[in-house]
Amino acid sequence: MPNDKRGLWTLKMRQDIVLRLLKGESPQKIASELGLGMSTLYEWRDRLLEADLGTLERESRNKALHSAERELEKTRQTIERLAMELSLKEEALDKIHNSDGWKLLTTYYRIRDKVFAANSMLRLLTRRCLSVARLRKFVQEENSFAAKTASPNAKRETDCLKITPQFSGLMIDPDYREALKSYMQNPTLMIELSSRCNFHCPYCVSSSSMRQKGFMDRKLFEHILSQTSEITQQPLRFHVDGEPMLHPEFLDMALQANNAGHKLAIASNGSCLKQPYLGVNMDLTINISSSKIEHKKRTSIDYQLYLERIKEYLWNWKEGQSTQQIFLKVYFNENERKITSTMQEKRNFAHSLAGELGFDSSLCWCQNENNPPFVHTKNNGASLMISFQKVAEGGLYPVQSDLQLQNCSLPSDWGFCDSPWKVLSILADGSIGFCCVDITGKTAFTSPDDIWKKGLKDLWLHHSRLMKAREDFLAGKVQLPVCQKCLALPPRREHYLFCEIFSFPLHKEQTMNNKACSSKVRK
């Protein structure tokens, strides 16, 4: 009889022994008969039971898996059958929809819609039929679009440009993509001196922005200014959100930038103009209120005092040696454009303003037109322009009028904007973004502390989040919700900014159809 040496007991022998034990034989008797220890006997039993339980579990899992596979196959077959039935129904509906009979029926119901009384049952029935017709037309157009853009051999996430013929083509032009690299070497640099504004213009969201309002610290400004020359040769723009001239140190900071070799470009509401500002080397754009009613919508500041401040500044500009280029913008929205009397009042305001400054603007804005603009050029080359400009509506701008915005059929996460190559915006707290339109700070790709840890040029050229944004835009993908909302404005979901600054052969020059009329100074 074998002794308790495990190598002498085969698996079959052990199974037979454990089976005797499980049938009720005395463990002592079996152990004494075979010369086994009790511990060995119980160990064999436990191992055999564990092995059998594992086998049972695997068999149970296999059965469940086979059952799930059978259910999945039944579901797949059901889906294929329903898809086939749906396809056949779609084909039948397409035949009906494209038939002359359907067109005639639709025309018939349109006529009925105009004939029957407003709230009659026949009118309601007609309306329902027309709704069905419109819905069917929409479904057919959506299916047609899906068929055109579908690409079985390309993933939309990585190759959306190849399946979106709706893009203009400029964004996938190899020469343009190469030009973007050069734009990065000389971007438009925007430094937000103030995120506060003393106006609440209806065409701007500044007053409703949740971003913390404040002024840029002087040390932060000087830290930025020490690096600007290696980043850009363009004029520095002292605005993103807010009114830059509200900053208590605006004049000192502006002259400091001039002394560092930078010309400035300032957009202002004109309420904080001071005569010493005439000594600043800058292009000044003033969005002026053209009436007391319009002004009241923008601010609580007294309108007459506001106008007198601007007029005094312009008069001293005309009489003095200031070299500033000044642009007065008279804004209007789509609703105002349609009202002849409203537009005439705005033109009368512009004529009156020019007249009070001693200029003759009689050749401008003739025959109910908003062109040509008024331009007066001084002997030193500085000029004043008074022009009309329609406010932007939609996207990131409030919609003030009943303007019908053109909807793009592209998804909201598709599109392109060249701002990440062209615009470097530094907010009042030191965080850095890549947009001239976003005043919410949601395009910022750094924290306020980053600007102290790394060089500004390095952050602009190599920051991982900004490089990812550029990569996504080149692929036609729009990740940030604020960018998706902004790109809802252009018909093809494409933005090309500052085309007059960043030259490219395919950018058409933005010239006026009519030449700006020259002014005659009244003696």
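Thresholds, definitions, all that
- Residues numbered from 1 in each chain as written.
- Predicted model: local features only at pLDDT ≥ 70, side-chain atom pairs only at ≥ 80, totals over all residues.
- Heavy atoms only, no water.
- Phe/Tyr/Trp six-rings, centres within 6.5 Å; stacked < 30°, edge-to-face > 60°.
- Helix = DSSP H or I, 4+ residues; strand = E, 2+ residues; numbered from the N terminus.
- Buried < 20%, exposed > 50% of the residue type's maximum accessible area, 1.4 Å probe, protein only.
- Polar contact = N/O pair within 3.5 Å; in protein donor to acceptor, adjacent residues only side chain to side chain.
- Salt bridge = Lys/Arg side-chain N within 4 Å of Asp/Glu carboxyl O.

> Looking at this structure, how should I read the packing of aromatic side chains?
One pass over the full model with this rule turns up 14 aromatic pairs. For the pair Y176 and Y496, a centre-to-centre distance of 5.7 Å together with 80 degrees between the ring planes defines the contact as edge-to-face. Placement of the pair is Y176 in helix 7 (residues 174-183) and Y496 in the loop between strand 12 (494-495) and strand 13 (517-518), with a sequence separation of 320 residues. Y176 gets classed as buried once you look at its relative accessible area, which sits at 0%.

> What exactly am I supposed to notice about the side chain of E192 here?
Checked against the element boundaries, E192 lands in the loop between strand 1 (188-191) and helix 8 (218-225). The buried category is assigned to E192, whose relative accessible area is 0%. Engagement of the side chain of E192 in a polar contact is seen with the backbone nitrogen of D241, the distance being 3.0 Å. A distance of 2.8 Å separates a polar side-chain atom of E192 from the backbone nitrogen of A428.

> Is there a simple way to think about the pattern of salt bridges in this case?
Once their charged atoms are close, side chains differing in charge can pair, the charge on each being opposite to the other. Considering all chains together, one arrives at 18 salt bridges under this definition. The closest approach of N and O atoms between E319 and K318, which form a salt bridge, is 3.3 Å. Across the pair K390 and E334 runs a salt bridge whose closest N-O atoms are separated by 2.6 Å. Taken together, the residues span a long stretch of sequence, with K390 in strand 8 (residues 383-390) and E334 in helix 12 (residues 334-338) at a distance of 56 residues. The class of K390 is partly exposed, set by a relative accessible area of 35%. On the basis of relative accessible area, E334 is assigned to the buried category, the value being 6%.

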